[in-house]
Amino acid sequence: NLPDTPFPMRGDLPKREPAWVKEWQEKKLYQQIREVCQGRPKFILHDGPPYANGDIHIGHAVNKVLKDMVVKSKTMAGFDAPYVPGWDCHGMPIEIQIEKKYGKTLPVGDVIAKSRAYAHEQIVKQKSDFQRLGVLGEWDNPYLTMNPENEAEEIRTLAKIYEQGFVFRGLKPVNWCFDCGSALAEAEVEYADKIDTAIDVGFAFIEHDKVAKAFGLKQLPKNKGHIVIWTTTAWTLPANQALNVHPEVHYALVDTADGLLILAEERVEDCLQRYQKQGEIIAKCLGAALGQIRFQHPFYDRSAPVFLAEYVTTDTGTGVVHSSPAYGVDDFLSCKANGIADGEFLNPVLGHGVYTDSLPLFGGQHIWKASEGIIETIRANAALFSAEKYSHSYMHCWRHKTPIIYRATNQWFASMDKTAADGTSLRERALKALAVTDFYPASGKPRLTSMIAERPDWTLSRQRQWGVPMAFLIHKESGMPHPKTVAHLHLVAERVALSGIEAWQDMSVADVLGNDAPELNDYVKNRDTLDVWFDSGTTFATVLQHTHKQQSQFPADMYLEGTDQHRGWFHTSLLAASMVHGGAPYKSLLTHGFTVDGQGRKMSKSMGNVVAPQKVYDSLGADILRLWIGATDYSGELRVSDEILKRVVESYRRIRNTVRFLLANIADFDLHTHAVPTAELLEIDRYALLLTEQLRSDCAQAYAQYQFQTVTQKLQIFCSEDLGAFYLDILKDRLYTTAAQSLERRSAQTTLHIIAQTLLKLLAPIISFTAEEAWKFLRINESVFFSTWETKLFDAPDLQALQSRWAVLREVRAEVTKVLELLRSEGKIGSALQAHIHIAAPVATLHVLNSCADDLKYIMMTSSFQLEVAERLTITAEISRGTKCERCWHVRPEVGQDPARPGLCGRCIANLYADGERRAIA
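Starting afresh in each chain, residues are numbered from 1 along the sequence in its written order. Note on the predicted model: pLDDT of at least 70 is required for a residue's local features to be given, and 80 or more for side-chain atom pairs to be given and counted; whole-chain, interface and lining totals, by contrast, use all residues. Heavy atoms from the whole structure form the basis of all side-chain values; hydrogens and water molecules are not counted.

**Q** Go over the overall build of the protein chain with me, naming the residues and quoting the values.
**A** Secondary structure elements follow DSSP: runs of H or I of four or more residues count as helices, runs of E of two or more count as strands, with numbering from the N terminus. For the protein chain, the count of helices and strands is 30 helices and 31 strands. For the radius of gyration, the atoms used are the C-alpha atoms, and the globule rule reads 2.2 Å times the number of residues raised to 0.38. Relative to its length of 922 residues, the protein chain is extended, with a C-alpha radius of gyration of 38 Å against a globular reference of 29 Å. Seen along its three principal axes, the alpha-carbon backbone of the protein chain occupies a region of about 125 × 75 × 50 Å. Once local pairs closer than 6 in sequence are excluded, the contacts in the protein chain between residues at least 24 apart make up 77%. A total accessible area of about 38100 Å² is found for the protein chain, and carbon and sulfur atoms account for 50% of it. Contact criterion: two residues are considered in contact whenever any of their non-hydrogen atoms come within 4.5 Å of each other. Per-residue and other accessible areas were derived by the Shrake-Rupley procedure at a 1.4 Å probe size, with only the shown protein chains allowed to occlude residues.

**Q** I'd like a description of the nonpolar core, backed by residues and values.
**A** Here, nonpolar core refers to any group of buried Ala, Val, Leu, Ile, Met, Phe, Trp, Tyr and Cys residues whose side-chain atoms link them within 4.5 Å. Remark: exposure states derive from per-residue accessible area (1.4 Å probe, protein chains only) relative to the maximum for the residue type, with buried under 20%, exposed over 50%, and partly exposed in between. Ranked by internal contacts, the top residues of the largest apolar core, which has 211 residues, are Leu133, Trp628 and Tyr727. Per-element accounting of this core gives the leading share, 12 residues, to helix H24 (residues 708–737). Ignoring any residue separated from it by four or fewer positions in sequence, one finds Trp628 in contact with Ile58, Val62, Thr595, Leu638, Arg639, Val640, Ile644, Leu645 and Val648.

**Q** Can you break down helix H17 (residues 539–547) residue by residue, with the values?
**A** Buried within H17 we find Thr539, Phe540, Ala541, Thr542, Val543 and Leu544. Structurally, H17 contributes buried residues whose contacts are with strand E1 (45–46), strand E3 (143–144), helix H6 (148–163), helix H16 (532–537), strand E23 (558–562) and helix H18 (569–581).

**Q** Requested: an account of the sheet that holds strand E24 (residues 588–592), with residues and values cited.
**A** Strand pairing requires that DSSP identify at least two bridges connecting the strands. Taking strand neighbours across the sheet as the criterion, the four strands line up as E1-E23-E24-E17 in an open arrangement whose pairing is parallel. In the strand order of this sheet, the two ends are held by E1 and strand E17 (438–440), each with one partner. One ladder, built from three bridges, connects E17 with E24; its direction is parallel. Each residue of the ladder has a partner; that of Tyr440, found in E24, is Leu590. To obtain each axis, a line is fitted to C-alpha atoms, and for helices this fit is confined to the stretch in contact; angles are then taken between N-to-C directions over 0 to 180 degrees. Here helix H3 (residues 58–76) sits on the sheet in contact with E1, E23 and E24, set at roughly 155 degrees to E23.

**Q** Could you give an account of the side chain of Thr862, naming the residues involved and the relevant values?
**A** By secondary structure assignment, the location of Thr862 is in the loop between helix H29 (856–860) and strand E28 (864–869). For Thr862, a relative accessible area of 0% gives the class buried. Thr862 has contacts with Leu820, Ala832, Leu833, Ala835, Ile837, Lys857 and His890, leaving out every residue within four places of it along the chain.

**Q** Give me the lowdown on the sheet that holds strand E27 (residues 835–841), citing residues and values where you can.
**A** On the basis of which strands lie adjacent, the open sheet formed by three strands has the order E28-E27-E29 and mixed pairing. The open sheet has two edge strands with one neighbour each: E28 and strand E29 (874–879). Adjacent strand axes in the sheet meet at a mean angle of 15 degrees when their direction is disregarded. Inspection of the sheet shows E27 paired to E29 by six bridges, in the antiparallel sense. Following the sheet pairing, Ile837 is matched in E29 by Ala877. Here helix H27 (residues 799–825) sits on the sheet and contacts E27 and E29; the angle it forms with E29, its principal contact strand, is near 40 degrees. Packing of helix H28 (residues 843–851) onto the sheet brings it into contact with E27 and E28, and relative to E28 it is tilted by some 150 degrees.

**Q** Explain empty space enclosed by the protein to me, using residue names and the numbers behind them.
**A** Two kinds of site are reported from a 1 Å grid over the protein atoms alone, namely cavities, where a 1.4 Å probe fits but cannot get out, and pockets, open sets with protein on both sides within 12 Å along at least five of seven lines, and residues are called lining when an atom falls within 4 Å of a point. Grid points are joined across faces, edges and corners, and a volume is the space filled by probe spheres set on the points. The full count for this structure, using the stated rule, is three cavities of 30 Å³ or more. In this structure, the largest cavity occupies an estimated 130 Å³ of space. When its residues are assigned to classes, the lining of the largest cavity shows eight nonpolar, five polar and five charged. Looking at the second largest cavity, its volume works out to about 70 Å³. Residue lining of the second largest cavity: Tyr30, Ile33, Arg34, Asp68, Val71, Lys72, Thr75, Ala81, Leu136 and Phe785, and that is the complete set. Among the elements of the structure, helix H2 (29–36) and H3 are those that each provide at least two residues to the lining of the second largest cavity. Think of it as three bins: nonpolar holds Ala, Val, Leu, Ile, Met, Phe, Trp, Tyr, Cys and Pro, charged holds Asp, Glu, Lys and Arg, and polar takes everything else, Gly as well.

**Q** Mind laying out the pairing of strand E7 (residues 225–231), listing which residues take part and the relevant values?
**A** Burial of E7 is extensive: six of the seven residues sit out of reach of the surface. Note: strand E6 (residues 189–205) against E7, six bridges, orientation antiparallel. Note that in E7 the partner of Val201 across the bridge is Ile229. Examined bridge by bridge, E7 and strand E10 (residues 259–264) share three bridges and lie parallel to one another. Bridge pairing links Gly225 to Leu260 in E10.

**Q** Please give an account of helix H1 (residues 13–26) that cites residues and values.
**A** Across its 14 residues, H1 extends 19 Å between first and last C-alpha, which sits within 8% of the 20 Å expected from 1.5 Å per residue. Taken together, the buried positions of H1 are occupied by Leu13, Glu17, Trp20, Val21 and Trp24. Viewed along the axis of H1, the buried residues span an arc of 105 degrees, placing them on a single side of the element. Turned more than 90 degrees from where H1 packs its buried face, Lys15 and Glu26 sit exposed. On its buried face, H1 sits against H2, helix H5 (108–132), helix H20 (622–631), helix H21 (642–664) and helix H26 (768–775). Multiplying 1.5 Å by the residue count of a helix minus one yields the expected span of that helix. By definition, the arc is the one covered by directions from the helix axis to the C-beta atoms.

**Q** Please provide a residue-by-residue account of the packing of aromatic side chains, values included.
**A** Pairing of aromatic side chains here covers Phe, Tyr and the six-membered ring of Trp, requires ring centres within 6.5 Å, and sorts the geometry by plane angle: under 30 degrees stacked, over 60 edge-to-face, intermediate tilted. For the structure shown, the criterion picks out 33 aromatic pairs. The interplanar angle of 40 degrees and the centroid separation of 6.5 Å between the aromatic rings of Trp569 and Phe570 together place this pair among those described as tilted. When the ring of Tyr687 is compared with that of Phe726, the centres are 6.0 Å apart and the planes differ by 85 degrees; the resulting orientation is edge-to-face. One end of the pair, Tyr687, is in helix H23 (residues 683–704); the other, Phe726, is in helix H24, and 39 residues separate them in sequence. Classification of Tyr687 by relative accessible area gives buried; the value is 5%. Clustering of aromatic rings is evident, with ring pairs tying together Phe178, Trp235, Tyr327, Trp368 and Tyr394. Its guanidinium or amino end placed over the ring of Phe413, Lys172 lies 5.3 Å from that ring's centre, counting from NZ or CZ. Two limits define a charge over a ring: the Lys NZ or Arg CZ must be within 6 Å of the ring centre, and within 35 degrees of the ring normal. Over the ring of Phe726 we find Arg810, and its NZ or CZ is 4.2 Å from the ring centre.

**Q** Account for the pattern of salt bridges, with residues named and values stated.
**A** Any two side chains of opposite charge can pair if their charged atoms end up close together. By convention in these notes, a salt bridge is any Lys or Arg side-chain nitrogen within 4 Å of a carboxyl oxygen on Asp or Glu. Under the criterion given, the structure shown has 59 salt bridges. Notably, a salt bridge pairs Asp80 with Arg34, separated by 3.1 Å at the nearest N-O pair. Pair noted here: Asp80 is in the loop between H3 and strand E2 (86–87) and Arg34 is in helix H2, with a separation of 46 residues, a long-range link. Each of the two residues, Asp80 as well as Arg34, counts as buried. A salt bridge links Glu561 to Lys67; the shortest N-O distance between them is 2.7 Å. With Glu561 in strand E23 and Lys67 in helix H3, this pair connects stretches of sequence that are 494 residues apart. This pair shows no difference in class: Glu561 is buried, exactly as Lys67 is. Linked through salt bridges whose partners overlap, the residues forming this network are Glu23, Lys27, Lys776 and Glu782.

**Q** Explain unusual backbone geometry residue by residue, including any values.
**A** Of the consecutive residues Tyr440 and Pro441, the connecting peptide bond is found in the cis state with omega at -5 degrees. Mapped onto the elements of the fold, Pro441 is located in the loop between E17 and helix H12 (444–454). In this structure, Pro555 follows Phe554 across a cis peptide bond, with omega equal to -5 degrees. Within the secondary structure layout, Pro555 lies in the loop between H17 and E23. The backbone phi angle of Leu361 is positive, close to 75 degrees, even though this residue is not glycine.

**Q** Give me the lowdown on the packing of H27 against H28, citing residues and values where you can.
**A** When two helices pack together, their arrangement is given by the angle between their axes and by how far apart the axes lie. One way to put it is that H27 packs onto H28 with a least axis distance of 10 Å and a crossing angle of 95 degrees. Taken as axis vectors, H27 and H28 run roughly perpendicular relative to one another. Of the residues in H28, those touching H27 at Arg805, Val808, Leu809 and Val812 are Thr845, Val848, Leu849 and Ser851. Convention used here: angles under 35 degrees read as roughly parallel, angles over 145 as roughly antiparallel, angles from 65 to 115 as roughly perpendicular, and any remaining angle as oblique.

**Q** If you had to explain the side chain of Thr750 to someone new, which residues and values would you point to?
**A** For Thr750, the location among the structural elements is in helix H25 (residues 743–763). The residues contacting Thr750, other than those within four sequence positions of it, are Phe669, His674, Ala675, Val676 and Leu681.

**Q** If you had to explain the environment of Leu261 to someone new, which residues and values would you point to?
**A** Examined against the element boundaries, Leu261 turns out to sit in strand E10. Overall, the relative accessible area of 2% leaves Leu261 in the buried class. Along the chain, Leu261 and Asp438 lie 177 residues apart, while their C-alpha atoms are 55 Å from each other. Discounting chain neighbours no more than four positions away, the residues touching Leu261 are His226, Val228, Ala252, Leu253, Val254, Thr256, Leu272, Tyr275 and Phe385.

**Q** Hey, could you go over the environment of Leu778 for me, with residue numbers and the actual values?
**A** Locating Leu778 in the fold gives a position in the loop between H26 and H27. For Leu778, a relative accessible area of 2% gives the class buried. Once residues within four sequence positions are removed from consideration, Leu778 is found in contact with Leu663, Ile666, His753, Ala756, Gln757 and Leu760.

Put into structure tokens, the structure is as follows:
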């Protein structure tokens, strides 16, 4: 009866997994699963599209495998959980690749054609890697944001939000990258340290009487004086148009040897120390008293009025902020509120970071290089009070890793606060939707809520070519869209659905308005493209409600991405859906952290600590990568290194060996003809099923809460402790020594088969290849993914009593094991079966032990035992008397008494040549 199975001990995953990927594709496993799941309630995880550029990295692997775990666990929990993967295809990175290869002078049509071809190449590579990771999905029919039908539906969605009045055009400071030559979305901005020169700059008094009056003086004691600002962006000073003070902050008039200074009272001491000056406060006033007083610009012949602004702080600087409305959101709002019109804003910085030629003193210079010249000019004008290097966190482009600025440009925006027809604003709609959204982990809710509550209007437009067009006709003089814009967008969408965004490039104004339209010469085509975040943010409409409507439902049950997507896809999807439908496109959000190395450091090629998923699955196997993901708390940073993966390999081996033992001992077992009814199973077998049912229930609950780490831990503990160190250890004797067809052996095999089924089902979402490989040996159905774990395994009236009895038995067994280990370490025995144990125990414990009769020796793994009553549990052991049976290895006194079979004990003779032994417990 020794174990036998073709399921190999070595996984050899790197060599064998690719064959399984091919097999799954050839037999269309995903499509078969869909057929099996027909009629079940749907669960839709909508795929956040990775960008179609470059090889996948370890973060991609984490993301896709987590999604696969969700989808597979929902499938096995009894849902129909289709998975439609997608790709984000338009946008800057691809266009930059085309520019690098072909230059920046290609016609628009060529840029689009080459970008489309490049994206297709990248998708083929990434798809292969995702499939290699064991991710099941509709790979033959994914969604691509660049598919003509998706592009068309995106334009129709734009029409819907335009029709509702959310879209407007205006001049506003937006995140601007000189290298991109375009506005950036909030999610495309990252922060990194930058060293600038922080300067304190004086704006000279020119309205002396007003200053004196503000401070309650008849006249100033000196004519020379400055109100002082502090800034780290000297390049913005040429565009200064105002000064800001806080209306409720106290400001001081400070008398120094070099003239008067106006500073926030609480900043006086620090500022004088920085300026290396002595001074005395001679008067004070609230900031409100300084409103509208004008001061002289430090190097241009113009003045700057003081505006009152509550955003001014006194944490650093001087308590006075200089205002360049074209280059700061707060500055912009302050100047607008004080009557400066859009046409009056000074905006000398061009899109590539160079001052316009007409700017006095600094025209034609790049702003970063001009800063030192600006500082020297201020110094020459005796208006520089301090200059020192200052390291601070500053905005950078996430693509180019270069500093960006706020820059006022005419862009198209989606308004956050304009009231729609139903009386609600976009901000109100989005916040209301978040209140009823489930978050995993829960900490994501306040984070995203805060972002939505504070975010500015959404900049929808981009100045690029490879993107879905904002297909408006714009009036040449007013800049306003045509009155029939909604109808025009639908017309353009029809053309785009047939031939892609290229259709808009080929269309003329006459194609939209008609050759005879009286206003034909008054309009031009808008050349802006839509923010690529609008592409992905509207996939609820383009995919869930359009191209893959049959496989989906709206809203989706879950969106799952990295924590950075609180600023990205979660964010823009919420805004877009709130504009179209008044609510979120998802019922729940799950976020995972970033991958770091074993020391918690960010991965970088220069540090040599990058772990590539391709290297892992080529050397260790995809299931090792999947098991690492399953075993890691994804809500925080996910640490990975060669050393960590080695430990995962060991965990995998323990699981695989357990599975192999189960399969090896049911090789001659047929579920349909050999299965023993639950009521007739031996007691320990029923207890093993009870443990397995607890595992099934706990894991199903953990899966339902997406706690994959908990599932993995419970499965590992079950394999090592409940099975390896307990049940299977005890079971070996019965499996190997009782008669092949006996109730005792078939009871054990029935139990092992149920345990194997359950274990493989619970493992399948995590180590899919291994679970599917092993499942075939159970001969139930073709795939583990055709099964569910819904059904309760074991129910009986004596469950509580069973659990209580075996809790006692396991406690005693643990103490016996300690004593036997001590004997083994002393060299007195080699095997537990060489020992005779003496158990002294209280009456209640002894009652349980006595009820096991002779089966107790199998539970305790010894050849013989003796029991007696005592006040407390005491275990002693000695070497058994007798001879070792050459078949079962028990030490028995009757071995050798049968001359015909001198090497066998009495029960082995009975099992081989008679009716066999009878057992009830173990």
